[in-house]
Amino acid sequence: MKKILLLNILYVAGAMIFSSSTSAATQTCTIGTTNDASSIIQTCINSAQANDIVELPVGKYLVAHQIKIEKPLTLKTSGVDLTAPRCSNKINNCAELIAAPSFDGFPGILQIYQNDTTIDHLVINGNKEGRGGSSSTANCISGSNGWGFNMRAHVANFKFTNSINKNALCGTGLETSGSNNKILNNLFIANGNHNSYLLWADGLTVHDCVNCIFEQNDFVDNTDVDFILGGCQHCSIKNNTLRHTDIYANSTFAGLMIHAWPSTSGNYTGTVVSNNTIDCGAKKRCGFGLLLGAHAWYQTLSYGGSIHDNIVNNARVGLVIDDFYNAEIYNNRTTDSLIYNYTMGSASHDIDQSKDNLGTTYTRADWDGAIPNYSCSNDCGILRTNAVFLRQSIPAQMIAGQTYPITISMKNTGFIEWVKNYGFALLRDNNQPWGISKVYIDDNETVPYIDDASKDFSFSVTAPTIPGTYSLQWRMNQDGYGGFGESSPLTPVNVITQSLSSDITGDGKVDIFDYNILVSKFGNPYTIFDYNLLVANFGKKVFN
């Protein structure tokens, strides 16, 4: 029977208390005032036996040093079954490993050295936003992109499932090779920055793999190539989705790239690439949608496999074969490309289209050394941080000195996620005495910039002590950068004395609506004739 090793990491008043326990024993350690959890996580992994399960509780954990797995085991979030839905990118329901600003690990936050390792229901966060001035950034810019990786696993029987891999500094979210590996039902999002030279990153990088499965993964806004392979024999690459938002910094050179590096085989014999969907967005933020071959970068040839029934929308160039041979290619639907829907290079040959029912024709084009989307050509100035006001709930009338709940809702329309670690908060736009001026994103919350994500800031304000007309207005803010995006409307609030406390609804009147609230509070079947007495006797009490 497998043994489960549970690791607890608690942040307590500036200190972290760690405890690791098995069914046989519990070990507790206190680690001063540091906020680096990498050493305790590493100790827990090292103390596990082969084939154990090491579990991390739900939470966000900064790591300043690389975590290494050198024995076969499973690392996952505690209390989450392997069959549970994938980790959420909006609420913190998994353990999240976040690279500290000073992170110095090469190559990546998590390095897998041993076969038969499983990573399940974890979030691997490269924290590119928080590492801008680090030595790792300098190394990336100098061309050593391993300093920006999130993960590497050059092993066999490796599984990466139900997880999120995001915000790699450069290079890739996950680099892998080996045999019988399974990459299933993950989200690869926002790895790298397309608008910063050599700080771009793939979502998933596969060197050479045999009998590997890559299915049901989502790729969003990875900025070198979303999903790139250098060789994969007898592999299944199916039912993945790749998409891009409108912001140029989140563009990619290619969506799905099946090719050969000079150091890899380019052999896709027995591999099926099918039912993948690539949508580059209205601004056509992919250079190539589906690229078969390497000639835009390298003079290598790739061969083999069956590539069919894939969909490519809104690429600059849709389906490109440049150059490939001995492959079956059919029924790939490409629409709304900026330049060409289909092209084929002059060195491609033995392409079997006998099963094609679409009547696909290819424009002859060699892309040697020509990489579309290398520089921005449209709508380049979209803001790094931006917000749109959605709605609010603020009482029109308040009693002086009393506390009231309010809600302000903002939508993230920039190109980085809002989290507390990055200093994102709602900031009051004026200096009137409301008792609170800044409300941060919740500790365990992420507000993505995709899928119309928004944040309802629900909190309380204290009305000024002197009656009069005041106002409330709020705007998003990032510490160190200042305010951004739309402000909420400048909303007047009438602050009154205690004498009108029976105005429960805050509309300036004492009427049947206030009566209904009083009745609901007391739970008695009062009649309308009891209204005046009820308000007079109990209005203040209920309201307060």
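Look up a bit, the structure's there.
Residues numbered from 1 in each chain as written. Predicted model: local features only at pLDDT ≥ 70, side-chain atom pairs only at ≥ 80, totals over all residues. Heavy atoms only, no water.

(A) Layout of the side chain of Thr 223. On the secondary structure map, Thr 223 appears in the loop between strand S20 (218-220) and strand S21 (225-229). Within polar-contact distance, the side chain of Thr 223 engages the backbone nitrogen of Asn 193 at 3.1 Å. The contact partners of Thr 223, leaving out residues within four places of it in the chain, are Asn 191, Gly 192, Asn 193, His 194, Trp 200, Ala 201, Ala 249, Asn 250, Ser 251, Thr 252 and Phe 253. (Helix = DSSP H or I, 4+ residues; strand = E, 2+ residues; numbered from the N terminus. Polar contact = N/O pair within 3.5 Å; in protein donor to acceptor, adjacent residues only side chain to side chain. Contact = heavy atoms within 4.5 Å.)

(B) Inspection of the nonpolar core at higher detail. Of all hydrophobic cores here, the largest spans 64 residues; its most connected members are Leu 75, Ile 119, Phe 158, Phe 214, Phe 227 and Leu 229. Considering each element in turn, this core owes the most residues, four residues, to helix H1 (residues 38-47). With residues near it in sequence (within four places) discarded, Ile 119 still touches Ile 69, Leu 75, Leu 110, Ile 112, Met 151, Phe 158, Lys 159, Phe 160, Thr 161 and Ser 163. Tyr 404, Ala 453, Phe 459 and Ile 496 belong to the second-largest nonpolar core, a separate cluster that totals 36 residues. (Core = buried A, V, L, I, M, F, W, Y, C linked by side-chain atoms within 4.5 Å. Buried < 20%, exposed > 50% of the residue type's maximum accessible area, 1.4 Å probe, protein only.)

(C) Quick look at the packing of aromatic side chains. Under the defined criterion, the tally for this structure stands at 18 aromatic pairs. Where Phe 106 meets Trp 147, the ring centres are 5.2 Å apart and the plane angle is 50°; that geometry is what we call tilted. A residue pair is termed long-range when its members are at least 10 positions apart, and Phe 106 in the loop between strand S8 (95-99) and strand S9 (110-112) and Trp 147 in the loop between helix H2 (135-141) and strand S12 (151-154) qualify at 41 residues. Given a relative accessible area of 42%, Phe 106 falls into the partly exposed group. Look at Tyr 342 and Tyr 362: their rings are 5.6 Å apart centre to centre, the planes differ by 75°, and that puts the pair in the edge-to-face class. Here Tyr 342, found in strand S35 (residues 340-344), pairs with Tyr 362, found in the loop between strand S36 (349-352) and strand S37 (363-364); they are 20 residues apart in sequence, far enough to count as distant. In this structure Tyr 342 comes out as buried when scored by relative accessible area, which is 14%. An aromatic cluster of three or more residues is present, and its members are Tyr 197, Trp 200, Phe 253, Phe 288, Trp 297 and Trp 367. Directly above the aromatic system of Phe 457 lies the positively charged group of Lys 455, at a separation of 5.4 Å from the ring centroid. (Phe/Tyr/Trp six-rings, centres within 6.5 Å; stacked < 30°, edge-to-face > 60°. Lys NZ or Arg CZ within 6 Å of the ring centre and 35° of its normal.)

(D) Up close: the pattern of salt bridges. Evaluated as defined, the whole model comprises 10 salt bridges. The closest approach of N and O atoms between Lys 355 and Glu 328, which form a salt bridge, is 3.1 Å. With Lys 355 in the loop between S36 and S37 and Glu 328 in strand S33 (residues 324-330), the pair connects residues that are 27 residues apart, well separated along the chain. For the salt bridge of Lys 455 with Glu 445, the shortest nitrogen-to-oxygen distance reads 2.7 Å. Residue Lys 455 is found in strand S43 (residues 454-462), and its partner Glu 445 is found in the loop between strand S42 (438-440) and S43; the two are separated by 10 residues along the sequence. The residues Lys 455 and Glu 445 share a single accessibility class, namely buried. A cluster of three or more residues bridged by salt bridges with shared partners is formed by Asp 442, Glu 445 and Lys 455. (Salt bridge = Lys/Arg side-chain N within 4 Å of Asp/Glu carboxyl O.)

(E) Here's a closer look at the pairing of strand S11 (residues 122-125). Taking every second residue as pointing to the same face, both faces of S11 are buried, with Leu 122 and Ile 124 on one and Val 123 and Asn 125 on the other. Sheet analysis places S8 next to S11, joined by four bridges and oriented parallel. Residue Ile 98 lies in a different strand from S11, and its bridge partner there is Asn 125. Relative to strand S14 (residues 164-166), S11 runs parallel, the two sharing three bridges. Bridged to Val 123 within S14 is Ile 164. (Pairing = 2+ DSSP bridges.)

(F) The arrangement of the pairing of S43 in detail. A one-sided burial pattern is seen for S43, the buried positions being Lys 455, Phe 457, Phe 459 and Val 461 and the unburied ones Ser 454, Asp 456, Ser 458, Ser 460 and Thr 462. Where strand S40 (residues 403-412) and S43 come together, nine bridges link them in antiparallel fashion. Across the sheet, the residue bridging to Tyr 404 is Val 461, located in S43.

(G) Broad picture of empty space enclosed by the protein. With the rule as written, the count across this model stands at three cavities of 30 Å³ or more. Here the largest cavity is characterised by a volume of approximately 80 Å³. What lines the largest cavity is simply Asn 89, Lys 128, Glu 129, Asn 167, Ile 189, Ala 190, Phe 415, Ile 416, Glu 417, Tyr 422, Pro 448 and Tyr 449. Looking at the lining of the largest cavity residue by residue, the class counts come to seven nonpolar, two polar and three charged. (1 Å grid on protein atoms, 1.4 Å probe; cavity = no way out; pocket = protein on both sides within 12 Å on 5 of 7 lines; lining within 4 Å. Points joined across faces, edges and corners; volume = space filled by probe spheres on them. Nonpolar A, V, L, I, M, F, W, Y, C, P; charged D, E, K, R; others polar.)

(H) Inspection of unusual backbone geometry at higher detail. In this structure, the amide linkage connecting Phe 106 to the following residue, Pro 107, adopts the cis form with an omega of -5°. With respect to the helices and strands, the residue Pro 107 is situated in the loop between S8 and S9. One non-glycine residue with positive phi stands out, namely Asn 157, at about 55°. A positive phi angle, close to 60°, is found at Asn 180, a residue other than glycine.

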